[in-house]
Amino acid sequence: MIQTTTKTKFTFEEYLTYNDGTDNRYELEDGELILMNPATGRHALIIYFLNNAFVAEINRLNLPWVALQTIGVRTALNRSRIPDLCVITRDQILEKLDVSAVIESAIIAVEIVSPESRTRDYRFKRSEYSVVGISEYWIVDPIEQKVTVLTLEEGFYEQVEFRVNERIVSPIFPELTLTVEQVLQA
């Protein structure tokens, strides 16, 4: 159903069915719709590159997981984020075949930093993703030329920053052989 509204606060259930008749994507932040800007070309290529790398590793290890874009992660009562890329179980997406693909958690969430998303990616999503138990959170920052991998340890993220030709270390995919330069030059 297409909706046009001046409503400023939405419940999570209203968010799941909201359609303004455009291709716009929104995150839900304390009941408010936050418009997500379309990706830049660099942003899109990084997502494509990482998606392919994750899919190759999932297939190599024969894991029952998928790497997906444009799915949501519910992070609180009236909050939902749309990571640039997620690794989730096949069962999680099979449960959402005919409804809005907003899940409760993920194995890996990846965000590509843009100037307007910096605070959201480094601060808000970091705390929200840890609360819902996302085991690994990658922050790819083309501006600072680094990749930060945050690993959930006893409810909090431990972070390691990687730069230039350093190999990115992922506890979820320990044999993945990617450098920051490869990811940023995707």
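Being a predicted model, the structure only gives us computed values, none of them experimental. Just so you know, the residues in each chain are numbered from 1, in the order the chain's sequence is written. Confidence filtering applies because this is a predicted model: local features only for residues at pLDDT of at least 70, side-chain atom pairs given and counted only at 80 or more, and all residues used for totals across whole chains, interfaces and linings. Hydrogens and water are ignored here; the side-chain numbers use all heavy atoms of the structure.

### Focus on the sheet that holds strand β8 (residues 108-112)
Logical step 1: For two strands to be treated as a pair, DSSP must find no fewer than two bridges joining them. Every helix listed is a DSSP run of H or I at least four residues long, and every strand listed is a run of E at least two residues long, numbered separately from the N terminus. Overall, mixed pairing links the 6 strands, which are arranged β3-β6-β8-β9-β10-β11 in an open sheet. Strands with a single pairing partner mark the edges of an open sheet, and in this sheet they are β3 (65-68) and β11 (156-163). This sheet shows a mean twist of 15 degrees between the axes of neighbouring strands, independent of strand direction.
Logical step 2: Here 4 bridges tie β3 to strand β6 (residues 85-89), and the two strands are oriented antiparallel to one another. Across the sheet, the residue bridging to Leu 68 is Cys 86, located in β6.
Logical step 3: Here a residue-residue contact requires only that any non-hydrogen atoms of the pair lie within 4.5 Å. Convention adopted: a line fitted to C-alpha atoms gives each axis, helices being fitted over their contacting stretch, and angles between N-to-C directions are expressed from 0 to 180 degrees. The sheet contacts of helix α2 (residues 41-61) involve β3, β6, β8 and β9 (136-141), and relative to β3 the element is tilted by about 175 degrees.

### Observations concerning the environment of Glu 153
Logical step 1: With respect to the element layout, Glu 153 can be found in strand β10 (residues 146-153).
Logical step 2: For Glu 153, a relative accessible area of 42% puts it in the partly exposed group.
Logical step 3: Remark: the alpha-carbon pair of Glu 153 and Tyr 129, spanning 24 residues in sequence, is separated by 13 Å. For every residue, the accessible area (1.4 Å probe, protein chains only) is compared with the maximum for its type, and the residue is labelled buried under 20%, exposed over 50%, or partly exposed between those bounds.

### Looking at the confidence of the model for the protein
Logical step 1: Across the protein, the average pLDDT comes to 93, with 96% of residues at 70 or higher.
Logical step 2: Taken together, the stretch residues 1-5 has pLDDT below 50 and engages in 11 contacts with residues farther than four places along the chain or on a different chain. What pLDDT reports is the predictor's confidence in each residue, on a scale of 0 through 100.

### Points about helix α4 (residues 118-131)
Logical step 1: For α4, with 14 residues, the first-to-last C-alpha span of 20 Å sits near the 20 Å given by 1.5 Å per residue.
Logical step 2: Each residue is assigned a bend, namely the angle between axes fitted to the seven residues that terminate at it and the seven residues that start at it. When the local axis directions of α4 are compared, the greatest deviation, roughly 45 degrees, occurs at Lys 125.
Logical step 3: Every buried residue of α4 is listed here: Arg 120, Asp 121, Tyr 122, Lys 125, Glu 128, Tyr 129 and Ser 130.
Logical step 4: Downstream of α4 by a residue or two, Gly 133 has a phi angle that is positive, lying close to 80 degrees. Every helix has an expected span of 1.5 Å times one less than the residues it contains.

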